[in-house]
Amino acid sequence: MIELKNIHKQYPGVPKETLKDINLAVQDEELVCLIGPSGCGKSTLLQIIANLEEATSGTIEVPDEMSMVFQSGALLPWLTVEQNAAFGLTAKGKNKKEAAREVKPFLAMVGLTELAQKYPHELSGGQRQRVGIARALAIKPRVLLLDEPFSALDPKTTHELHEDLLKIWREQKLTILMVSHLIEESVSLADRIVLMKDGVIADTFKVPLTYPRRENGLPFHELVQKIRKEFFK
Ligand code: ADP
Ligand code: MG
């Protein structure tokens, strides 16, 4: 579904390469978490995949239908929840009425039906992030890209959004690539965890645990420890 070969990225004026020879393939309906210390190049890689940033060299294969969920929700303050969620559709030229109708099931999916006519400033952080997810889903993408989508939220809200994301992933048969800097979060969600360090892929870990992951007890914590050791090495 996503295939990256020999990706390099050097920003102008930055002496060393931000990404060095990245090779990564993400399968159809796989959920991959990209983790690594701050500044290792995770967002750069995601932006290259999303075509928001250009690689210096290398080849990229991605489907046309991709959506991005940003850390802050990135909502337009003058639009309602419904209009924000429909933004990807209206931006593509769909008329407003039709877009509003199309977006309804996605607002329901993230539990926002009742809040459809509210404005972003009337919402909690978690609700704003749900609008961002509904907006991303409304264009019916095959691939969902998320850059630390839950990092500004409290643990309970994060947990609820994890559950919802897993449900949406299964029901919509999505391929998901999510950036995180939290090891436990990625072990809770991913089929496979890709650890980046200093612009290279340092390691990858399969997660052969059943959901809900934390209920696996010891195997969950052992895998977290194993990744933690590599993360801080
Ligand atoms: P991460 O998401 O893992 O924290 P980033 O991909 O944001 O890392 O950044 C990786 C490196 O690339 C950092 O050293 C950062 O300063 C640099 N960088 C990111 N974006 C730009 C940019 N637009 N121009 C110059 N340097 C950048
Ligand atoms: Mg980042």
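Preceding this paragraph is the structure being described.
What you see is a predicted model; the values in this text were computed from it and never measured. (Residues numbered from 1 in each chain as written. Chains lettered and ligands numbered in written order. Predicted model: local features only at pLDDT ≥ 70, side-chain atom pairs only at ≥ 80, totals over all residues. Heavy atoms only, no water.)

**Quick word on the overall build of the protein chain**
Then, in step 1: When its secondary structure is counted, the protein chain shows eight helices and nine strands.
Then, in step 2: For the protein chain, the C-alpha radius of gyration of 18 Å lies close to 17 Å, the compact-globule estimate for 233 residues.
Then, in step 3: Structurally, the protein chain occupies a C-alpha span of about 50 × 45 × 30 Å along its principal axes.
Then, in step 4: Out of the 233 residues in the protein chain, the part that is buried amounts to 48%.
Then, in step 5: Relative to all contacts within the protein chain whose residues are 6 or more apart in sequence, the contacts with residues 24 or more apart total 69%.
Then, in step 6: For the protein chain, the exposed surface amounts to about 11,600 Å²; the carbon and sulfur share of it is 52%.
Then, in step 7: Each charge class in the protein chain can be summarised by its mean position, and for the 30 positive and 31 negative side chains these summaries are 2 Å apart. (Helix = DSSP H or I, 4+ residues; strand = E, 2+ residues; numbered from the N terminus. Rg over C-alpha atoms; globule rule 2.2 N^0.38 Å. Buried < 20%, exposed > 50% of the residue type's maximum accessible area, 1.4 Å probe, protein only. Contact = heavy atoms within 4.5 Å. Areas by Shrake-Rupley, 256 points an atom, 1.4 Å probe, with all protein chains shown as cover. Lys, Arg positive; Asp, Glu negative; His and termini not counted. Charge placed at Lys NZ, Arg CZ, Asp CG, Glu CD.)

**Regarding the sheet that holds strand E4 (residues 57–61)**
Then, in step 1: The three strands lie next to each other as E2-E1-E4, forming an open sheet whose pairing is antiparallel. Every interior strand has two partners, whereas the edge strands, strand E2 (19–26) and E4, have only one. When the angles between neighbouring strand axes are averaged without regard to direction, this sheet yields 10 degrees.
Then, in step 2: Alignment of strand E1 (residues 2–9) against E4, held across four bridges, turns out to be antiparallel. In the strand pairing of E4, Leu4 is matched with Ile60.
Then, in step 3: Contacting E1, E2 and E4, helix H1 (residues 42–49) crosses the sheet at an angle of about 125 degrees to E1. (Pairing = 2+ DSSP bridges. Axes fitted to C-alpha atoms, helices over the stretch in contact; angles between N-to-C directions.)

**Regarding the packing of aromatic side chains**
Then, in step 1: Overall, the coordinates contain two aromatic pairs when judged by the stated rule.
Then, in step 2: Residues Trp169 and Tyr211 carry aromatic rings whose centres are separated by 6.3 Å and whose planes lie at 70 degrees to one another, so their mutual orientation is edge-to-face. In this pair, Trp169 is assigned in helix H6 (residues 155–171) and Tyr211 in the loop between strand E9 (200–206) and helix H8 (218–231), connecting sequence segments 42 residues apart.
Then, in step 3: Using a relative accessible area of 27% as the deciding quantity, one classes Tyr211 as partly exposed. (Phe/Tyr/Trp six-rings, centres within 6.5 Å; stacked < 30°, edge-to-face > 60°.)

**Structural notes on the pattern of salt bridges**
Close approach of charged atoms allows side chains with opposite charge to pair.
Then, in step 1: All told, the structure shown has 11 salt bridges when counted by the stated rule.
Then, in step 2: With a closest N to O distance of 3.8 Å, Lys20 and Asp198 form a salt bridge. Residue Lys20 is located in strand E2, and its partner Asp198 is located in the loop between strand E8 (192–197) and E9; the two are separated by 178 residues in the primary sequence.
Then, in step 3: Residue classification places Lys20 among the partly exposed positions, given a relative accessible area of 25%.
Then, in step 4: For the salt bridge of Glu102 with Lys140, the shortest nitrogen-to-oxygen distance reads 3.8 Å. With Glu102 in helix H4 (residues 96–109) and Lys140 in the loop between helix H5 (125–138) and strand E6 (143–147), the pair connects residues that are 38 residues apart, well separated along the chain.
Then, in step 5: Of the residues examined, Glu102 reaches a relative accessible area of 16% and is grouped as buried. (Salt bridge = Lys/Arg side-chain N within 4 Å of Asp/Glu carboxyl O.)

**Re the layout of surface pockets**
Then, in step 1: Size it by volume and the largest pocket reaches roughly 330 Å³.
Then, in step 2: Together, 20 residues line the largest pocket, and Thr158, His159, His162, Ser188 and Arg214 are the ones closest to its centre.
Then, in step 3: Secondary-structure elements contributing two or more residues to the lining of the largest pocket are H6 and helix H7 (183–189).
Then, in step 4: Among the elements that take part in the lining of the largest pocket, H6 stands out by supplying seven residues, more than any other. (1 Å grid on protein atoms, 1.4 Å probe; cavity = no way out; pocket = protein on both sides within 12 Å on 5 of 7 lines; lining within 4 Å. Points joined across faces, edges and corners; volume = space filled by probe spheres on them.)

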